Structures are given as structure tokens and as C-alpha cells.
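Chain by chain, the residues run as shown.
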Amino acid sequence: DPYGSEPARNPVLIPSSKKPFNAEPPALLLVDSFLTPNELFYVRNHLPVPQVNLKTYTLDVEGPKKVLKFTYDDLIKLPKKSVAAVVQCAGNRRSDMVDIKPVKGLNWGAAAIGNAEWSGVRLSDLLKQCGVNLDTTTKKHLVFEGMDKGPEGSVYGASIPIELAKSLKDEIILAYEMNGKQIPRDHGYPVRVIIPGVVGARQVKWLNKIYLSDEESECHWQRRDYKGFNSSIDWHNVDFDSSVAIMQLPVVSAICDPPAGTELEEGSEDVTVRGYAWSGGGRGIIRVDVSADGGKTWHTAELQPNGQTPYRAWAWTLWEATVPLPEGHVGPVELVCKAVDVSYNVQPDGVEGVWNLRGVLNNAWHRVTVTVPP
Ligand code: MTE
Ligand code: MO
């Protein structure tokens, strides 16, 4: 059984598939802390978790003339850099898309996202040692390969366009710590790449090799998945080559508290709503709006500062709003949230317009129905 040596997992995680293991925490737990605890962080594995021996582990970095093999000990001796950054799956909130029309993919709720402090080595430091200058290279893509293998021996891999790598430069890190602890096996032990502001799919876990190329990663998940299409494209007419691999993600937010179906207290005059907001590309969150009447009227939420600047905001913003209910209201209450990022990007009001066959990039207003008992 290729899945015979999987790590132990927190039973609180809600699996959307067991082999490979994919799971998210109850969304309510996400708003308890700015940094998502390692054992609550969603897990997105496409393949069995590899068994890596720290003593023999190497990270190969290919330069134009030489390939350097960094051992774990080599890496931890280099200058250490930390960044608080979100990792979010492009399929986060896919379950809301399924309600419109079936899609292929794991049925994620709103918790296929987490925010951790990642520590490790700057990619630019390793590249320099291999004679690569990111500023001047004429190669077109920066390619990453993992150690997790499919049945035919192919490994998980991904790439990012060199222009993106250039713009992020010192922010890309090869992380060996997650929230101050060694990265857990499910999250890429011993080393994963963290590319702040970019979709989870490119943040390769169990990192084995880095190189520059004129071609994108040949990996299935780079070329035949994790791309967006309009809602008239379906499996009979999709051409994956015609779309662009998802990199930076659009602005998103979700209500974590109260969970859907919550019965509020009898006679409630207001409801306190909490959640997260985030946007790709380091675009900070400048506002979150919350409605308790399905989106007719809005209240501005209080944002918890994340300590980052608005144009380099890799971490999420947690928020809270106490919204009044109409006097004497009983019955269902439709809570809605929507966030605005520093580019004044907003979330679309409905899922219909952003529906796509893979169920990715669902950043529509998030709606949760709760009820006030009679
Ligand atoms: N890296 C490897 N080697 N194998 C994988 O299956 N999944 C990717 C990415 N990196 C994956 C990977 C996807 S699609 C996501 S969303 C994130 O890892 C999930 O990271 P996490 O499991 O630490 O939350
Ligand atoms: Mo993902």
C-alpha cells in the first residue's frame, strides 16, 4: 500500500479524501488565532506522503554551470528568514460551486486556507551560490520538484514565471520551519517552498530540486489543472493549453463564526460575525463588509492589523463585526461577507459568474445562514 506510512493526523480535521489524504479544519477554529496551528492547517496531498530521511536528504539547485546539493545541515546554517504567509488551495470554497453545477474536485468548504509563519532560507541566497542572478537571467520559468511520486514514478512539481520570481525575489523562501517547529510531514518535511501571495499549488512540498527553464513545469497539475475557464467551458470542450496557470489569487473572504445552521440566542438583537480575508499578490485587505440581511445593507467590519504593509501583505486579515438584527426578528438570517483589497478589487456577488469546471477560484460573497429561534 503506497499509503502505508502516512503520518498521524488530528482527528478534528474533516477529510475530503483519505488516500491521498486531504482535509480541512472546522472553519470556526481558523479565527481563533492569527497563525493557524500546524495540526489544524488544511492538508492538500495529491500523492502519498514521502518518507524522507534527514541524513540523506538533499535539495538540488541547478545553475547554468553547476548543480549544488544542499543537505539539511547546509540549509539551516544559512541566514534564516521568516514570513507570515497564507497558503490557500485554488479549490477553497469549491462546495459552493457544486450547488450551481457539478464540478470535478475535492469538496472543500471555506477552510482550505491557513496562515503560518514560515522560516527558512532565501531562494535568492541558494541561486547566487549556483551562479544564478535572478535579475539578469533570461530563462522563463523557475521550476520546483517534490519527492512524492505517482504510480508511474512521476513526481509532483510546479513552476512560476521568472517575472514573478523576480518581483518576489528575497520573499521566496525554502522553509524548514512552520510556526517555529520543524515542518510536519503533511506540510512538506523537511523543506517546502513558500512563494508568498501565490496559490497553494505552486508551493511545492518535500522539495527536492529547483532549476530554471524556458518551459513551464511539465507536471499535470501545472498544465492540466489549476487553471480558470469561463462557465460555458466544460469537459467536452476544454483546452487546458488555452488558459494560464493560476498564480496570484483573487481577493477572498469567508465567515467562520457563527458556523452555518447555528441557532442564535432567543431574542438576539445582533450577531457577532468573524472571519478571514486575503488577497493574492501581497494586496492588503482594506475593508470587509458584513450583512445580516442577505446583502441589502452592510456594516464595516473591524480589521485585526496583520503587521504587514498593504502592498506586501502575505498574511491574512482576521475581522469581526457586530451586526444588528431587525427588531423582534425570528427565523433565518442570511449573513454575507465581502472584502476589498488595496487595489479596490472586490468579490463577485454570485457564484454563477465565476463557476468553472474545476471549481477553482471561488471568491464570491460568502453566505452563511443562521437562525433566531421563536
Ligand atoms: N507539493 C507536493 N510535493 N505535492 C502536493 O500534492 N499540493 C499542493 C501544494 N504543494 C502538493 C504540493 C497544493 S494543490 C496545495 S493547495 C498546497 O501544497 C497545500 O499545502 P498544505 O498541505 O501544506 O496545506
Ligand atoms: Mo491546491
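Residues numbered from 1 in each chain as written. Chains lettered and ligands numbered in written order. Predicted model: local features only at pLDDT ≥ 70, side-chain atom pairs only at ≥ 80, totals over all residues.

The line we're drawing: UniProt positions are given in the numbering used here, feature names are shortened, and annotations may be inferred rather than shown by experiment.
The protein chain goes by Sulfite oxidase in an unreviewed UniProt entry, where it is assigned to Batillaria attramentaria. Regarding the protein chain, the UniProt comment filed under Subcellular location (unreviewed entry) reads as follows: "Mitochondrion intermembrane space".

**What to know about the overall build of the protein chain**
To be explicit about the condition: The secondary structure listing takes helices from DSSP runs of H or I that are at least 4 residues long and strands from runs of E that are at least 2 residues long, numbered from the N terminus. Our radius of gyration is a C-alpha quantity, and the globule rule it is checked against amounts to 2.2 Å times the number of residues to the power 0.38. By definition, residue pairs are in contact when their C-beta atoms, positioned from the backbone, come within 7 Å.
Across its full length, the protein chain holds six helices and 21 strands. Relative to a compact globule of 374 residues, whose C-alpha radius of gyration would be 21 Å, the protein chain shows 21 Å and is just as compact. Along the first, second and third principal axes, the C-alpha set of the protein chain runs to 75 × 45 × 45 Å. In the protein chain, 69% of the contacts between residues at least 6 apart in sequence involve partners at least 24 apart.

**Some remarks on the site of ligand 1**
To be explicit about the condition: Here, nearness means that the C-beta atom of a residue, built from backbone geometry, sits within 6 Å of the molecule or strand in question. Residues are grouped as follows: Ala, Val, Leu, Ile, Met, Phe, Trp, Tyr, Cys and Pro are nonpolar; Asp, Glu, Lys and Arg are charged; every other residue, Gly included, is polar.
Taken together, the neighbourhood of ligand 1 is formed by 20 residues, with H46, C89, G146, Y156 and G200 sitting nearest. At the level of secondary structure, the elements contributing two or more residues to the shell around ligand 1 comprise strand 3 (43-44) and strand 8 (141-149). Each residue belonging to the shell around ligand 1 can be placed in one class, and the counts come to 10 nonpolar, six polar and four charged.

**Examining the sheet that holds strand 15 (residues 270-278)**
Where strands meet in a sheet, backbone hydrogen bonds hold them as pairs that are either parallel or antiparallel. Definition in use: We treat two strands as partners when DSSP finds at least two bridges between them.
Within the open sheet, the four strands sit side by side as 14-15-19-18. Their pairing is antiparallel. Whereas interior strands pair on both sides, the edge strands pair on one side only; in this sheet they are strand 14 (252-257) and strand 18 (302-303).

**Regarding the sheet that holds strand 4 (residues 58-62)**
As a reminder, the rule being used: Throughout, an axis means a line fitted to C-alpha atoms (over the contacting stretch in the case of helices), and angles, computed between N-to-C directions, take values from 0 to 180 degrees.
As summarised here, the arrangement of the five strands in space is 5-4-13-8-9, forming an open sheet in which the pairing is mixed. Both outer strands of the open sheet, strand 5 (67-71) and strand 9 (155-161), are each paired with one neighbouring strand and no more. The sheet shows a mean angle of 20° between the axes of neighbouring strands, taken without regard to direction. The pairing of strand 8 with strand 9 spans six bridges and is antiparallel. By the bridge assignment, F144 is partnered in strand 9 with A158.

**Overview of the confidence of the model for the protein chain**
We count it as follows: pLDDT: the predictor's confidence for each residue, scored from 0 to 100.
In this model, the protein chain carries an average pLDDT of 97, and 100% of its residues clear a pLDDT of 70 or more. Here the complex is predicted with pTM 0.98, and the ipTM for its interfaces comes to 1.00.

**Considering unusual backbone geometry**
Let me state the cut-off plainly: Exposure criterion: with C-beta atoms placed from backbone coordinates, a residue whose C-beta has 20 or more other C-beta atoms within 10 Å is buried, one with 12 or fewer is exposed, and one in between is partly exposed.
In this structure, P20 follows K19 across a cis peptide bond, with omega equal to 0°. If you trace the backbone, P20 turns up in the loop between strand 1 (14-17) and strand 2 (22-24). In this structure, P258 follows D257 across a cis peptide bond, with omega equal to 0°. Along the chain, P258 falls in the loop between strand 14 and strand 15. Here the phi dihedral of W206 falls at roughly 45°; this positive angle occurs in a residue that is not glycine. Judged by C-beta crowding, with 25 C-beta atoms within 10 Å, W206 ranks as buried. Phi at Y226 takes a positive value of approximately 50°, unusual for a residue other than glycine. With respect to the element layout, Y226 can be found in the loop between helix 6 (220-223) and strand 14.

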